[in-house]
Each structure stands twice: as structure tokens, then as C-alpha cells.
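Observations on the three-dimensional arrangement
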Amino acid sequence: MIRRLAIASTLATSLAAGDVHAGMWLSSPDLAADGTLTASQAWDRGGCGGRNLSPALRWGGEAPTAKSFALIIMDADVKKGFRHWMVFNIPAGVHSLAAGAGAPDGKALPKGAVQALNDFGPKGYGGPCPPVGQTHRYVFTIYALNKDTLDLNPDQPAGALESLVLTHALDKGRLLAKSPRFEAAPGGPPK
């Protein structure tokens, strides 16, 4: 009973201070109606035959104290996780990324945003390329961070950078998508 009163008191204080927000969200106009990534968004190597174009993304509803954003896309069906794209130092006033913003040169990213190496190896977006006949699930997560910039070396593996992003996360929004099914492609990320 005392714990419930403490939680109610904290919630009432937050409401009075205006700290409560509706909740962070992430969406994409570029997914098929059933939430499937398109063939053009697939990896352009390993026989997957895609164009490796990152989908357009939009987000909002973050904590009012957010100072920047970071984006991580993970393949949820690979045992240790497989990072397909990681972007950090996205300015707080930015709430979208255009289709194709994940190009390796980073020129289409907002000023100040930095891409890390993905788990395929290069910087930028690496589209889906699951083993033949499989459909994998991809978790897109946008994090609202409590720092304007993260002093990270983008040439480190994405896994090493992810822990620092999680340390500074205030809030997050998620989007789940699935890969197209490749029937003849020999590709696929490590298992």
C-alpha cells in the first residue's frame, strides 16, 4: 500500500511539473502495408539483389528533456543480434530521416549526425539479407538521449557503441518490420 502511494505521489508530481508525455513513437511510410521492407531496401551484396536504400523514418513524442537522438536497426532473428544501421548525434530538432539517408557517404543525414560501422562491415545502412527461404524481423529503435553529442569513434564496431547509447537513453520508440523472402539469394548475415 505504501509503495502504491509513493508511485501515485511521484506521478502526481510529474503531472504537476509537466514532465509526462504521450510516449515516443517511430514510423515509416516506406514499408509495405503488412510491415515488410521492400526489395529495394534489401542489401545490395551477397546475392540479395537489393539497392540498399534505407527507408524514410519519422518519430516524435520524446521526453521534453531530449538533447539528441540515436537510431539502431537490429535483426532480431540472429542469435547475438546483427546491427544493420546505427546513427548517433541526430540533433534534437530533427524528427525524420529521408529515404536513402543511410548511404555510406552520410551526405543525406542531418548536420552533425554520424553513422557507425554496421555488422556487415561498412558505415551506413545495410539492408536485410536473410538466408534463402527465411523471413527475419528487424527492430528499428530511435533513442532520445540526455546528451547533445556522444563522443564516439564511428569506426568502432556498432556493438561497442550501442552500450553508450543505452547509457544515455531517456526514451525510445520502436518499429518492427520484416524482410522480403529471398528464394534464390545465397546471402544472409552470420548466424
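Structural notes, computed from the coordinates. All values reported here derive from a predicted model rather than from experimental measurement.

About the cut-offs
- Residues numbered from 1 in each chain as written.
- Predicted model: local features only at pLDDT ≥ 70, side-chain atom pairs only at ≥ 80, totals over all residues.
- Heavy atoms only, no water.
- Helix = DSSP H or I, 4+ residues; strand = E, 2+ residues; numbered from the N terminus.
- Buried < 20%, exposed > 50% of the residue type's maximum accessible area, 1.4 Å probe, protein only.
- Contact = heavy atoms within 4.5 Å.
- Areas by Shrake-Rupley, 256 points an atom, 1.4 Å probe, with all protein chains shown as cover.
- Disulfide = S-S within 2.5 Å.
- Phe/Tyr/Trp six-rings, centres within 6.5 Å; stacked < 30°, edge-to-face > 60°.
- Pairing = 2+ DSSP bridges.
- Polar contact = N/O pair within 3.5 Å; in protein donor to acceptor, adjacent residues only side chain to side chain.

For the protein, the count of helices and strands is two helices and eight strands. Ordered by position from the N terminus, the helices and strands of the protein form the series α-β-β-β-β-β-β-β-α-β. Out of the 191 residues belonging to the protein, those deemed buried represent 46%. Put simply, of all contacts in the protein between residues at least 6 apart along the chain, 74% involve residues at least 24 apart. Split by element, the accessible area of the protein, about 9,600 Å² in all, is 55% carbon and sulfur.

A complete count under the given rule lists one disulfide for this structure. The residue that forms a disulfide with C48 is C129, at a sulfur-sulfur distance of 1.8 Å. Classification of the bridge connecting C48 and C129 rests on its S-S torsion, roughly 85 degrees, and on that basis the disulfide is right-handed. A residue pair is termed long-range when its members are at least 10 positions apart, and C48 in the loop between β1 (25-27) and β2 (57-60) and C129 in the loop between β6 (114-115) and β7 (137-145) qualify at 81 residues. Neither C48 nor C129 differs from the other in exposure class; each is buried.

Another point: unusual backbone geometry. Within the chain, N52 stands out as a residue other than glycine whose phi angle is a positive 60 degrees. Tracing the sequence through the fold places N52 in the loop between β1 and β2. Non-glycine residue N89 carries a positive phi angle of around 60 degrees. Tracing the backbone shows N89 in strand β4 (residues 82-91). What makes N89 buried here is its relative accessible area of 9%.

On inspection of all chains with the given rule, the structure shows four aromatic pairs. On the basis of an interplanar angle of 10 degrees and a centroid distance of 3.9 Å, the ring pair of W43 and F120 is categorised as stacked. You can see W43 sitting in the loop between β1 and β2 and its partner F120 sitting in the loop between β6 and β7, a full 77 residues away along the chain. You can call W43 buried: its relative accessible area is 6%. The exposure class assigned to F120 is partly exposed, which follows from its relative accessible area of 24%. Note on W85 and Y125: the rings are 5.8 Å apart at their centroids and 85 degrees apart in plane angle, and the pair reads as edge-to-face. With a gap of 40 residues between them, W85 in strand β4 and Y125 in the loop between β6 and β7 connect regions that are remote in the sequence. The pair W85 / Y125 is uniform in exposure class, with both members buried. What links up through ring pairs into an aromatic cluster is the set W43, F82 and F120.

In spatial order, the strands read β1-β2-β5; together these three strands make up an open sheet with antiparallel pairing. Strands with a single pairing partner mark the edges of an open sheet, and in this sheet they are β1 and β5 (96-97).

What follows deals with the sheet that holds strand β3 (residues 68-75). The five strands lie next to each other as β6-β4-β3-β7-β8, forming an open sheet whose pairing is antiparallel. Pairing within the sheet leaves two strands with one partner each, and these edge strands are β6 and β8 (169-178). Both β7 and β8 contribute to a ladder of nine bridges, which runs antiparallel. In the sheet register, F140 faces β8, and the bridge partner there is L175.

What follows is about the side chain of T36. With respect to the helices, strands and loops of the structure, T36 is situated in the loop between β1 and β2. A polar contact of 2.8 Å, which involves the side chain of T36, links it to the side chain of D34. With near-sequence residues (within four places) excluded, T36 lies in contact with L31, K178, S179 and P180.

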